[in-house]
Amino acid sequence: MRRREVAKRVFAYELLRSTHQIESEGLRYVLTPTGERVNRIFSVAVLLDKEEIGADTNNWRLRLADPTGTFFATVGKFQPEALETINEMNVPELVAIVGKPRVFEGVSRKLISIRPENIVAVDLSVRDYWVLETARRTLERIEAMEKREGEDVELAWTVYDPDLNEYRDMVKKALLTVKEDVEIMEKLEEPPREDEPEEEFDFEEFEFEEEEFDLTDLLED
Amino acid sequence: MSRAEKLTDQILERIKGKDVKVKREDILRRMKLLIEEFKVPESEAVRTIMNYLVREYGIPREELFDRDSPLVKIADISKVNQWVSLKAKVVQLWDSNSPNVSQVGLIGDETGIVKFVVWAKASQPEVEEGKSYIFRNVVTDSFQGRMQINVTRTSRIEEIDEDIQLPPREIEVVGSMVAIQQNSGLVKRCNECGRVLNKGVCHQHGKVEGYDDLRIKAVIDDGENVYEIILNEENIRELTGIGLEDALKIAHETLDRNAVLLELKNMLLGRYFRVKGLRGGRYLLVKEISVHKPKADDFNEILEALA
Ligand SMILES: [Zn+2]
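Not measured: the values here are computed from a predicted model.

Calculation criteria
Residues numbered from 1 in each chain as written. Chains lettered and ligands numbered in written order. Predicted model: local features only at pLDDT ≥ 70, side-chain atom pairs only at ≥ 80, totals over all residues. Heavy atoms only, no water. Helix = DSSP H or I, 4+ residues; strand = E, 2+ residues; numbered from the N terminus. Polar contact = N/O pair within 3.5 Å; in protein donor to acceptor, adjacent residues only side chain to side chain. Contact = heavy atoms within 4.5 Å. Pairing = 2+ DSSP bridges. Donors = N, O, S within 2.8 Å, 3.2 Å for Na, K, Ca; no water. Tetrahedral: all angles 85-135°; square planar, octahedral: opposite > 155°, others 65-115°. Buried < 20%, exposed > 50% of the residue type's maximum accessible area, 1.4 Å probe, protein only. Buried area = accessible area lost by both parts, 1.4 Å probe. Salt bridge = Lys/Arg side-chain N within 4 Å of Asp/Glu carboxyl O.

Peer 1: Even after reading the chapter, I still don't get the side chain of B:Ser85, so can you show me in this structure?
Peer 2: Residue and element names in this part refer to chain B. Counting through the fold element by element, Ser85 comes out in strand β2 (residues 83–94). There is a polar contact of 3.2 Å between the side chain of Ser85 and the backbone nitrogen of Asn137. When near neighbours in sequence (up to four residues on either side) are disregarded, Ser85 contacts Ser69, Pro70, Leu71, Val72, Phe135, Arg136 and Asn137.

Peer 1: Where do I start with the sheet that holds strand β4 (residues 37–38) of chain A in this structure?
Peer 2: Residue and element names in this part refer to chain A. A sheet is described by the order of its strands in space; here 3 strands give the open sequence β2-β3-β4, paired in antiparallel fashion. Edge positions in the sheet fall to β2 (20–24) and β4, since each of these pairs with one other strand and no more. In terms of strand pairing, β2 meets strand β3 (residues 27–31) through 5 bridges, oriented antiparallel. Bridge pairing in β3 links Ser24 to Leu27.

Peer 1: In this structure, what is going on with the coordination of the zinc ion? I would like to understand it.
Peer 2: Tetrahedral coordination by four donors sets the ideal angle at the metal to 109.5 degrees; octahedral coordination by six donors sets it to 90 or 180 degrees. Residue and element names in this part refer to chain B. Each protein donor to the zinc ion is listed here as Cys190 (SG), Cys193 (SG), Cys202 (SG) and His205 (ND1); together their distances run 2.1 to 2.3 Å. Angles of 103 to 115° at the metal separate the 4 donor atoms of the zinc ion, which places the site in the tetrahedral class. Here the donor residues of the zinc ion share one chain and are spaced in sequence as C-x2-C-x8-C-x2-H. Assessed through its relative accessible area of 2%, Cys202 is described here as buried.

Peer 1: Sorry, what's going on with the interface of chain B and chain A here?
Peer 2: Interface size is often expressed as the accessible area that is lost when the parts come together. Counting residues at the interface gives 35 residues for chain B and 40 residues for chain A. Together, B:Tyr272, B:Phe299 and B:Leu306 form the three largest contributors to the area buried by chain B at its contact with chain A, with a combined 22%. Linking chain B with chain A are 3 salt bridges. The partner of B:Glu224 in a salt bridge is A:Arg137, with the nearest N and O atoms 3.2 Å apart. Where chain B meets chain A, there are 9 residue pairs in polar contact (both at pLDDT 80 or more). Mapped onto the side of chain B that touches chain A, the elements with two or more residues apiece are β8 (170–180), β12 (211–221), α7 (258–268), β14 (272–280) and α8 (296–306) of chain B.

Here it is as structure tokens:
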């Protein structure tokens, strides 16, 4: 059995600029401008729109956005798991998506699209961690590009000759977009401090007719 | 001296001092035939001839074969086609999709962990996860560049009352659950051996009624590596609030056992988990698993690196 390919973390901004494909040992990879070799991708993005390509074809074109840009995905009968969830899903929805990137020739330029293996609704903390993780990985790749480490890095320089500052800015932008959310969530989840006044007991609930409970007998002695 | 002669003498050495008359020419002729003419692997030739000796000369099989396979440590296994004995603990078993295989999994001692395969033809007793055994007279092999151990007909598996320690290989990963395999969710297991049934059929025991169980085989991907993990009912209940009872209820209400898997997929796929476990071969044996959330400080760290 062939070893399963790792799902790479790439921001939409970088993904959209990835146009070079590599065939290796029967597998197709997309090379990104910072030298990542991608056969499978993991992304967390907002599903903005789903549109059926032709009536009753059950082929869907999805438009998705992460904090750095918008990208497309297509789902059809060859992605049965993704198709199942897409049929049920309403937009907009925050989703996690695992899939294979494919480059194809558009009218005027090359375009990239994802074929999702699965797609599932998730909450904001997943998005937050994905941004953090993708930022970390992208930064590592930027550093490898600067040091000119490795074959794919050399190839990325040759094919794309990227402006690395552009990619640093992209990472920064993405981080700042979600950092505030994370801070707010942390504040909300902090345990109450000890010096805060304890909740007052609500005596209103215990109003009763005094006559009914004459306890004077008990108090004697 | 030819290879055949050398091997013949090695075999004769084994039965020296025993009260049996074995003709050297007899052995050598067979050895030459097997190795030189039929090009049988040496280990097979030796084994064939030893079986012949057991049959024809009545030499007790244990004497021949026990001496044949020295007790070694897993870390020392590096060559294929070596007959060895191992004292090891069964780390994990997984389902085989081949009818030729009765059990497959990982065994380990304090020096390492290795994959082992019990061939169906070997008709060996079943081993259990977590128990320790002496695997006598097993043969080393290589599969996809990795060493493995084959348990064959001439092997003997004996349970031992000893807890073999495994090497410290505990790791912690934070990754996304990128896939859940199809044979997950509400499954039926064989009453006899506990293996997951395929359409009501156990590889070993045929058509059986089976009992219900909840399990997930999933892939955790941290962007650098993939780890296959198996979650048991307890893990699943902790993560999703769905235990076996709830799963059965879902299946009953929807009239669809697959609805359980769908629900679990919706709750778990794409999420990040922190998994603590033992790395053995391609599997990560889960010891702890929890949902992972980011911290604000982590963001500052990278922002500083960017500045
Ligand atoms: Zn069985």
